[in-house]
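# Structural overview
Spelled out from the first residue to the last, the chains are:
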Amino acid sequence: MSSRAGDVVFQNVSIIDGSGNTPRYTASVVVRNGYIHSISPPTKAAYGDGIRVIDCDNGRWTLCPGFIDMHAHSDLSLLHTPDHLAKITQGVTTEVIGQDGISYAPTDDAAMARVRKQIAGWNGNPTEPADFFDRWRTVKEYLDVLDQGLDGKGIATNAAFLVPQGNLRILTMGYDSRPASSDEVERMKVILVKSLEQGAVGMSSGLTYVPGNFASFNELASLCEVLVKYGAYYCPHHRSYGKDAIAAYAEMIQLARQTGVRLHLTHATLNFPENAGRADELLKMIDEAIAERVEISMDTYPYLPGSTTLGALLPTWVSSASDKTAVLNDPAQLEKIKYECLVEGTDGCHGLTLDWARVEIGGVMNNDLAEQCVGKRISQIASDRGEDGFETFIWLLKEDDFNSTILQHMGNEGNVRKIMRHSRHTGGSDGILTSTKPHPRGWGTFPRYLGHYGRDLPAGKSRNIYAAEANINDGPAEEFEAVEPETIFEGGIEEAVNHLTGRAAQVLRMHDRGLVKEGCRADLVLFDADIIRDRATFANPKQAAAGIRVVMVNGAFAVDEGKPTGARAGRTVRMSKAENGDEWIVG
């Protein structure tokens, strides 16, 4: 095995290559100039000066591709929190941002002001440096800023960007609560083409969020036809994950069947009691479409609660108002909101009524509210305040200027396990990183797949990361309990790694990432397969994973011997025309 000064050698390491069809094997891997230079049989050879040798103890340590987060909300945190510990410490090396149909590009001055406020609960709303949001408006400008970082030092992970369909509407017709006209759709298509040619890899939708929720099927179909021409994919947060969830999935599958677009069903959950035990219905529908050659993939996070903003629970006719506070201050309008939230069901809660005992406050922008609210269910805050839950809901929306984030405790474990087994499944954290007390998925998704679902459940072990009450500590992260054994990944940890790496790279059509293979980019994770696990819990969510020794991004150490290095070797991953000029590729 040839090596030279500056190389990094993983000596005698157990390799899971990310392909899903190669059994793990032991070899030595040389990383050179950001790429996997060579993979050769195990050796006891000594190396010369200037070569970093990582002794992997004859296969005790496992090397796999860096994890690809197919649903990330790091649009701003990559810039304003550049160490990005939540993702780096769990082995994430590539993230897909621009999710849920609304983000910060493409935009204009007026749109940027409203978008910043609308999704401050997801991403924060930084005011330093003063020109933070003045540095870009187009997709290309935004991606260029990411490549540089705010200080010229770059970003921690690689980032791929989806064009947010909501932004296309905002730039074309504002927040109008109606379907687009044919002329408006044509204008959206022009912006979409420009954004794809500037490097975006696909398009996202947020069909329960304004203004994307007002889009008709035909409007979406017209935009998807553009995606087909570029080989890009469609990533919808569809119209419901609660009431009529199966019908909402069916609409997206029909969209793919009709247009030929590659469909990626993001955070593909079936939540709320109404959908318990219905995963088989969803998977049957997906498999039937795949059998017809409809191209479908999906991602999930390995937890039960979901997370969004408190304001997202309002009926969308309220969310689309230019002055939401004025709507809440109108007694007649407030009664209408109350009826929808408590009796009829609100489209902001997927057509269902709100259960205050299931809604936990995860973060507030107004720090004066933190002690009173964060980590508590609305039912508990209401009791403390001596009022009913709806009154507390409205009070907190006003006091925190609609910026509070929440956890909704409404998942179904049986559905989660069945969906993550599927052959088209990938991993996506959907992690909101800026909350005071965020969902632990932002720090623990990928180690949880490998540790909890890949290793511990088949052995009949489980850690309870769910507190009995939201504000009660759930015990040390090291405590295990005996459970009924269940194998989630029939192909073992090799299959689990494939879900999180090679399979995701195939969805993105990244030809040089997602595999431990000569010539691929050196996005790598070195971990102990017997130890790796999430340590983030609902009581203490900002905890780094256990069992990860090294994380490399483009050949640079982001984590070295278990410690973050602060390196920022990430770069944007953009779609561009292949050298033959006949197809679009991502790299």
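Summary of the structure given here. (Residues numbered from 1 in each chain as written. Predicted model: local features only at pLDDT ≥ 70, side-chain atom pairs only at ≥ 80, totals over all residues. Heavy atoms only, no water.)

Where helix 6 (residues 165-173) contacts helix 8 (residues 217-230), the two axes come as close as 12 Å, and the packing angle between them is 105 degrees. The angle between helix 6 and helix 8 falls in the class roughly perpendicular. For the pair helix 6 and helix 8, the contacting residues are Gln165, Leu168 and Arg169 in the first and Glu219, Leu220 and Leu223 in the second. (Axes fitted to C-alpha atoms, helices over the stretch in contact; angles between N-to-C directions. Helix = DSSP H or I, 4+ residues; strand = E, 2+ residues; numbered from the N terminus. Parallel < 35°, antiparallel > 145°, perpendicular 65-115°, else oblique. Contact = heavy atoms within 4.5 Å.)

Here we take up unusual backbone geometry. The phi angle of most residues is negative, glycine excepted, and most peptide bonds adopt the trans form. Note that the residue after alanine 105, namely proline 106, is joined by a cis bond; omega there is -10 degrees. Here proline 106 is to be found in the loop between strand 7 (92-97) and helix 3 (109-118). Proline 211 follows valine 210 through a cis peptide bond whose omega is 0 degrees. Residue placement: proline 211 occurs in the loop between strand 9 (202-206) and helix 8. A positive phi angle is found at histidine 350, which is not glycine, with a value near 60 degrees. By the element assignment, histidine 350 lies in the loop between helix 13 (331-344) and strand 14 (359-363). According to the relative accessible area criterion, histidine 350 is buried, its value standing at 11%. Phi is positive for asparagine 554, which is not a glycine, with a value near 50 degrees. With respect to the element layout, asparagine 554 can be found in the loop between strand 20 (548-553) and strand 21 (556-560). A residue is classified by how much of its surface remains accessible, and asparagine 554, at 15% relative accessible area, is buried. (Buried < 20%, exposed > 50% of the residue type's maximum accessible area, 1.4 Å probe, protein only.)

Another aspect to go through is the sheet that holds strand 8 (residues 158-164). The eight strands lie next to each other as 6-7-8-9-10-11-12-16, forming an open sheet whose pairing is parallel. Strand pairing shows two members of the sheet lacking a second neighbour, strand 6 (67-69) and strand 16 (425-427), which therefore form its edges. Averaged over all adjacent pairs, the angle separating strand axes in this sheet is 25 degrees, with direction ignored. For strand 10 (residues 233-237) and strand 11 (residues 262-265), the ladder comprises two bridges, and the chain directions are parallel. If you follow tyrosine 234 over to strand 11, its bridge partner there is leucine 263. Packed on one face of the sheet, helix 6 meets strand 8 and strand 9 and runs near 45 degrees to strand 8. (Pairing = 2+ DSSP bridges.)

Below, the discussion takes up the nonpolar core. One finds Trp136, Leu196 and Tyr234 to be the most contacted residues of the largest nonpolar core, which totals 93 residues. Residues in contact with leucine 196, not counting those within four places in the same chain, are Val163, Gly202, Val226, Leu227, Tyr230, Ala232 and Met575. One finds Leu313, Ile337, Ile381 and Ile394 within the second-largest nonpolar core, a separate group that totals 31 residues. (Core = buried A, V, L, I, M, F, W, Y, C linked by side-chain atoms within 4.5 Å.)

On to the pairing of strand 2 (residues 25-32), then. Burial analysis of strand 2 places six of its eight residues in the buried class, the great majority of the element. Where strand 1 (residues 8-15) lies against strand 2, six bridges are found, and the strand directions are antiparallel. From the neighbouring strand, valine 13 faces strand 2, where its bridge partner is alanine 27. With five bridges connecting them, strand 2 and strand 3 (residues 35-40) associate as antiparallel partners. What sits directly across from valine 30, in strand 3, is serine 38. From the end of strand 2 to the start of strand 3, which pair antiparallel, there are two residues, and asparagine 33 there has a positive phi angle of about 55 degrees.

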